[in-house]
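Structural overview for review
If you want the building blocks of each chain, they are given just below.
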Amino acid sequence: MKNKMGIKFLLTVVVSMGATALPMELHAAKPNVIIFLVDDMGLMDTSVPMLSDESGNPVKHPLNEFYRTPSMERLAQTGIRFSTFYAHSVCSPSRVSIMTGQNATRHHTTQWIRPGGNNRGKFGPSEWNWEGLKKSDVTLPRVLQSAGYKTIHVGKAHLGPNGHEGSDPRNLGFDVNIGGTSQGSPGSYYAKDNYQNQGKKHSEYKVPHLEEYHGSDTFLTEALTLEAIKEVKQAVAEEKPFFLHMSHYALHTPFALDPRFEKNYPDSKQASGIKFATMVEGMDKSLGDLLDAVELLELAQDTLVIFLGDNGSDARIGKVHDIGSSAPLRGMKGTHYEGGMRIPFIVSWVRPDASNPFQKKLPIAANAVQSQAGTIMDLFPTVLNLAGIENPDGHVVDGHDLAVLLTGKSDPERGEDNFLMHFPHDHRSSNYTVLRKGDWKLIYHYFPGVGKGRGGGHPERYELFDLKEDPGESENLAASHPEKLASMLRAMIDQLEAEGALYCEKDGQPVKPLMP
């Protein structure tokens with residue numbers, strides 16, 4: 001059956017012209033770029049050790065021994081991983097930042113986008129951008145499209161609500177959209193369910209454009225991978241460089257057993273842990289299949305892969321072999337702690353080749369760990385600079401080109417590590433702003449003590465951590481370091497104002513941070 005084709009069979013009919021048959025001026029003009037984005041993948045959801053010691057050497061933790069991600073290991077061997085790379089703690093703000101190069105404080109999509117309407121919350125700003133991206137917005141795919149790229153979106157979008165322009169990636173500069181809608185999660189990962197929730201309440205949670213797989217045994221992650229490879233082949237046939245936004249629904253809930261990998265976890269103590277681990281391994285197989293496809297198409301030296309998550313882990317499995325889901329980091333998706341903000345980030349050429357003109361422009365250290373921090377806003381300028389494309393006039397970019405950091409060196413022009421995360425809404429952590437600056441991290445709570453349970457207010461207004469000495473954020477130093485608290489808060493206020501942040505509101509008035 002067509003809908004049961006494997007990756008290898010699909011690739012046996014490789015486009016006969018291949019990369020070597022492309023006109024040389026086109027072949028040498030632009031590199032191919034794959035952004036491989038995994039939903040809800042925390043820093044520890046991999047066999048690749050992402051954290052490092054003081055000398056910059058990778059350090060394995062128990063969770064790295066539990067997961068099986070050989071394709072990520074392959075990518076890390078040929079490229080560089082970041083031990084500190086920041087995203088927003090929920091998905092839509094991060095995804096809009098990838099598309100625009102802007103911080104959420106500037107693009108104002110500060111909360112995940114509810115498909116059915118405004119997800120402001122009790123104290124959220126009334127003017128926050130709940131409608132997401134629009135046709136008029138400058139986006140990475142639109143800029144690449146205008147420069148001759150074939151732009152391909154496969155998988156989760158979650159860039160606009162129902163009935164709005166951002167719900168369809170084709171309105172945002174993508175030539176192709178497979179699977180992308182306003183939804184943030186699939187109804188089901190199983191083709192027997194038509195990738196749709198079978199209950200009446202959530203029957204709209206379905207992944208479109210995959211009808212040929214319905215009724216088969218093709219797991220959603222595999223179906224999306226097959227379609228992505230088809231579209232890459234089509235770009236080659238059209239003699240165009242491609243930009244593939246491979247945006248998996250995995251590892252988002254509902255956690256589902258991928259039967260292809262169940263046998264690899266016979267000793268797991270929890271069924272939910274097995275489900276999540278098989279989804280991780282299925283995602284990793286997708287990465288490997290894409291790398292193999294690019295190799296077979298003879299585009300490996302010309303293709304850059306950027307692998308990342310969109311926020312911290314949402315593995316609601318309590319513990320895996322008695323280890324917390326983000327350990328040794330604190331927190332998870334939706335929180336203001338490092339486990340909610342730090343994501344896996346690996347960059348590599350599919351096949352390193354020092355003589356390749358693209359790789360001469362963007363050399364990447366092999367099997368290296370970068371300890372200087374990067375942020376999710378950095379993808380936009382990095383890709384455009386590699387492709388030799390100017391940022392459109394008037395479009396403000398908050399990110400910075402990662403070129404120096406990708407060599408394994410530090411970049412003094414970036415200054416000390418800095419990331420501002422502003423979340424004036426309700427979630428696991430609610431109504432807060434975070435500033436990472438150098439080794440220090442400040443969390444400001446706008447309504448301390450307000451609320452109970454999920455999204456309840458934190459009892460203290462200020463949390464101050466020295467991440468160098470206390471990476472697990474166990475000791476609040478706000479009371480004992482008043483001068484550092486004041487300087488961090490002043491820096492936070494200045495950056496919020498500079499980036500045009502919208503604040504929490506109470507009784508119709510904005511609530512801004514208060515100095516101690």
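Not measured: the values here are computed from a predicted model. (Residues numbered from 1 in each chain as written. Predicted model: local features only at pLDDT ≥ 70, side-chain atom pairs only at ≥ 80, totals over all residues. Heavy atoms only, no water.)

1. As for the sheet that holds strand E4 (residues 150-155)
Ordered by their spatial adjacency, eight strands build an open sheet running E5-E4-E6-E1-E7-E10-E2-E11, and the pairing between neighbours is mixed. Only two strands of the sheet have a single neighbouring strand rather than two, namely strand E5 (176-178) and strand E11 (368-370). Along the sheet, successive strands turn relative to each other by an average axial angle of 15°, direction set aside. Of the strand pairs in this sheet, strand E2 (residues 80-82) and strand E10 (residues 345-349) are connected by two bridges, and their pairing is antiparallel. Along E10, the bridge assignment pairs Arg 81 with Ile 346. Strands E2, strand E7 (303-309), E10 and E11 of the sheet are contacted by helix H4 (residues 70-78), whose axis makes an angle of about 65° with E10. (Pairing = 2+ DSSP bridges. Helix = DSSP H or I, 4+ residues; strand = E, 2+ residues; numbered from the N terminus. Axes fitted to C-alpha atoms, helices over the stretch in contact; angles between N-to-C directions. Contact = heavy atoms within 4.5 Å.)

2. Brief notes about a negative patch on the surface
A cluster of like negative charges, contributed by Asp 53, Glu 54, Asp 439 and Glu 469, occupies part of the molecular surface. In this structure, Asp 53 sits in the loop between strand E1 (32-38) and helix H3 (62-66). You can call Asp 53 partly exposed: its relative accessible area is 35%. (Patch = residues over 30% accessible without salt bridge, like charges linked within 9 Å, V, L, I, M, F, W, Y side chains within 5 Å. Areas by Shrake-Rupley, 256 points an atom, 1.4 Å probe, with all protein chains shown as cover. Salt bridge = Lys/Arg side-chain N within 4 Å of Asp/Glu carboxyl O. Lys, Arg positive; Asp, Glu negative; His and termini not counted. Charge placed at Lys NZ, Arg CZ, Asp CG, Glu CD. Buried < 20%, exposed > 50% of the residue type's maximum accessible area, 1.4 Å probe, protein only.)

3. Structural notes on the environment of Thr 433
Mapping Thr 433 onto the fold places it in strand E14 (residues 432-437). For Thr 433 and His 422, which are eleven residues apart along the polypeptide, the C-alpha to C-alpha distance reads 4.4 Å.

4. Focus: the side chain of His 458
As for its position among the elements, His 458 is in the loop between strand E15 (440-445) and strand E16 (462-466). From its side chain, His 458 meets the backbone nitrogen of Glu 460 in a polar contact 3.1 Å long. A polar contact is formed between the side chain of His 458 and the side chain of Glu 463, at a distance of 3.3 Å. (Polar contact = N/O pair within 3.5 Å; in protein donor to acceptor, adjacent residues only side chain to side chain.)

5. Description of the pattern of salt bridges
Overall, the coordinates contain 27 salt bridges when judged by the stated rule. Across the pair Asp 310 and Arg 95 runs a salt bridge whose closest N-O atoms are separated by 3.2 Å. Residue Asp 310 is found in the loop between E7 and strand E8 (319-320), and its partner Arg 95 is found in helix H5 (residues 91-100); the two are separated by 215 residues along the sequence. Across the pair Glu 338 and Arg 342 runs a salt bridge, and its minimum N-O distance is 3.2 Å.

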